[in-house]
Amino acid sequence: MNERDAPVESRPPRRRGRPRAENTDGASVFETLIDIATVQFAAKGFAAVGVRQIATEAGVDAAMIAHHFGSKLQLWQAVVDRLSQRLVSGLEGLPMEIQPDTNAAGRLDMVIGQIIDLLCDAPELAAFILREVVLENERSEDSYTRLAKPIHDRLRPILADYIATYGGHADIDYLFVALNGAIVVSVATRPLLGRIAAAPPDDRAFRDRLKATLSTRMVAGLGNVAGASI
């Protein structure tokens, strides 16, 4: 076994010089560190994860985090940057206007479903929103701006249109928090279904049942709006 293949803890100290750009698998160390940090921060939270844990999982020296990012906080910020880019890109595909064959309720159900799919495709995004926005900490304002506000800005006018169409006196922002919170918590705590459901659903069934549960009928109840059918 050569030095390159040896476990991190058994490798001899590296010579001084520019750190290598790739890890043992040929992947970018920068990208690998972000991948692993995303998983660990989502699962355990910022405070519970150390740079050595992330570096060991990546198969590199902890100094590589300082080299590429400067600090654990800056690595966390890079993780949030990438999650935010994925979120914004996904939201750009959501419908902006009611189609001729889709009423306000159908449009809202469609967007709710697409947000559910977006978070199910990136469950670490739901975990970050829950940990970093809902559970208040010193990073919450930055997390809100990049991970929650884009959803609010996209969903709010659709909720406003729905309420205006079917009547009611709901506070749109309260309704958004209730609905978005239900989606985020449901996706982030999905393993809970494995403990309480007689037959835990597979991924497709989970998405379909969550969409059916968080449909406009639930929104109507939360917002004191007349029930609407698509």
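Keep in mind that this is a model prediction, so the values were computed, not measured.

1. Description of the overall build of the chain
When helices and strands are tallied, the chain shows eleven helices and zero strands. Across the chain, helices and strands are ordered from the amino to the carboxyl terminus as α-α-α-α-α-α-α-α-α-α-α. The buried share of the chain, reckoned over its 230 residues, is 42%. Partitioning the contacts of the chain with sequence separation of at least 6, the portion at a separation of at least 24 is 65%.

2. Focus: the packing of aromatic side chains
Using the criterion set out here, one finds four aromatic pairs in the structure. Considering the side-chain rings of Phe30 and Phe69, the 4.8 Å spacing of their centres and the 20° angle between planes classify their relative orientation as stacked. One end of the pair, Phe30, is in helix H1 (residues 29–44); the other, Phe69, is in the loop between helix H3 (63–68) and helix H4 (72–91), with 39 residues separating them in the sequence. What makes Phe30 partly exposed here is its relative accessible area of 31%. According to the relative accessible area criterion, Phe69 is buried, its value standing at 9%. Grouping aromatic residues by their ring pairs yields a cluster made of Phe41, Phe46 and Trp76. One residue, Lys72, lies across the ring of Phe46, its end atom 4.2 Å from the ring centre. Sitting above the plane of the Phe206 ring, Arg190 keeps its charged end 4.4 Å from the centroid.

3. A few points about the nonpolar core
Among the nonpolar cores identified, the biggest contains 62 residues, and Leu33, Phe41, Ile54, Phe128 and Leu159 are the most heavily contacted of them. A per-element tally of this core places helix H5 (residues 104–121) first, with nine residues. Residues contacting Phe128, with those up to four places away along its chain left out, are Thr38, Phe41, Ala42, Trp76, Val79, Val80, Leu83, Val133 and Leu147.

4. Observations concerning the pattern of salt bridges
The full count for this structure, using the stated rule, is 17 salt bridges. Across the salt bridge formed by Arg82 and Asp35, the nearest N and O atoms sit 2.6 Å from each other. Note that Arg82 is positioned in helix H4 and Asp35 in helix H1, a separation of 47 residues in sequence. Here Arg82 falls in the partly exposed class, since its relative accessible area comes to 29%. One salt bridge connects Asp117 with Arg204, and the closest N-O pair in it is separated by 3.9 Å. Taken together, the positions of Asp117 in helix H5 and Arg204 in helix H10 (residues 203–213) put the pair 87 residues apart, joining distant regions of the chain.

5. Observations concerning H1
An ideal rise of 1.5 Å per residue puts 22 Å on 16 residues; H1 measures up with 22 Å between its terminal C-alpha atoms. Those residues of H1 not exposed but buried are Val29, Thr32, Leu33, Ile34, Ile36, Ala37, Thr38, Gln40, Phe41 and Ala42. Check the buried side of H1 and you find it contacts helix H2 (51–58), H3, H4 and helix H6 (123–134). Two to three positions downstream of the cap, the backbone nitrogen of Phe30 sits 3.3 Å from a side-chain oxygen, assigning the N-cap of H1 to Ser28.

6. Considerations on the packing of H1 against H2
Closest axis-to-axis distance for the H1/H2 pair is 9 Å, and the angle between their directions is 130°. Taken together, the axis directions place H1 and H2 in an arrangement best described as oblique. Read as a crossing pair, H1 and H2 show a hand that is right-handed. Residues Thr32, Leu33, Ile36, Ala37, Gln40, Phe41 and Lys44 of H1 touch H2, and the partners they reach there are Gln53, Ile54, Ala55, Glu57 and Ala58.

7. Comments concerning the environment of Lys44
Looking at the secondary structure, you find Lys44 in helix H1. The spacing of Lys44 and Ala127 is 83 residues in sequence and 9.6 Å in space, taken between C-alpha atoms. In this structure, Lys44 is in contact with Val49, Gln53 and Arg131, ignoring residues within four places of it in sequence.

8. Describing H10
Those residues of H10 that fall on the buried side of the exposure criterion are Ala205, Phe206, Arg207 and Leu210. Residues of H10 that are buried in the fold lie against H5, helix H8 (172–188) and helix H9 (191–196). The opening residue of H10 is Asp202, an N-cap whose side-chain oxygen sits 3.3 Å from the backbone nitrogen of Arg204.

Rules and cut-offs
Residues numbered from 1 in each chain as written. Predicted model: local features only at pLDDT ≥ 70, side-chain atom pairs only at ≥ 80, totals over all residues. Heavy atoms only, no water. Helix = DSSP H or I, 4+ residues; strand = E, 2+ residues; numbered from the N terminus. Buried < 20%, exposed > 50% of the residue type's maximum accessible area, 1.4 Å probe, protein only. Contact = heavy atoms within 4.5 Å. Phe/Tyr/Trp six-rings, centres within 6.5 Å; stacked < 30°, edge-to-face > 60°. Lys NZ or Arg CZ within 6 Å of the ring centre and 35° of its normal. Core = buried A, V, L, I, M, F, W, Y, C linked by side-chain atoms within 4.5 Å. Salt bridge = Lys/Arg side-chain N within 4 Å of Asp/Glu carboxyl O. Expected span 1.5 Å × (residues − 1). Polar contact = N/O pair within 3.5 Å; in protein donor to acceptor, adjacent residues only side chain to side chain. Axes fitted to C-alpha atoms, helices over the stretch in contact; angles between N-to-C directions. Parallel < 35°, antiparallel > 145°, perpendicular 65-115°, else oblique. Left-handed = near helix turned anticlockwise from the far one by under 90°.

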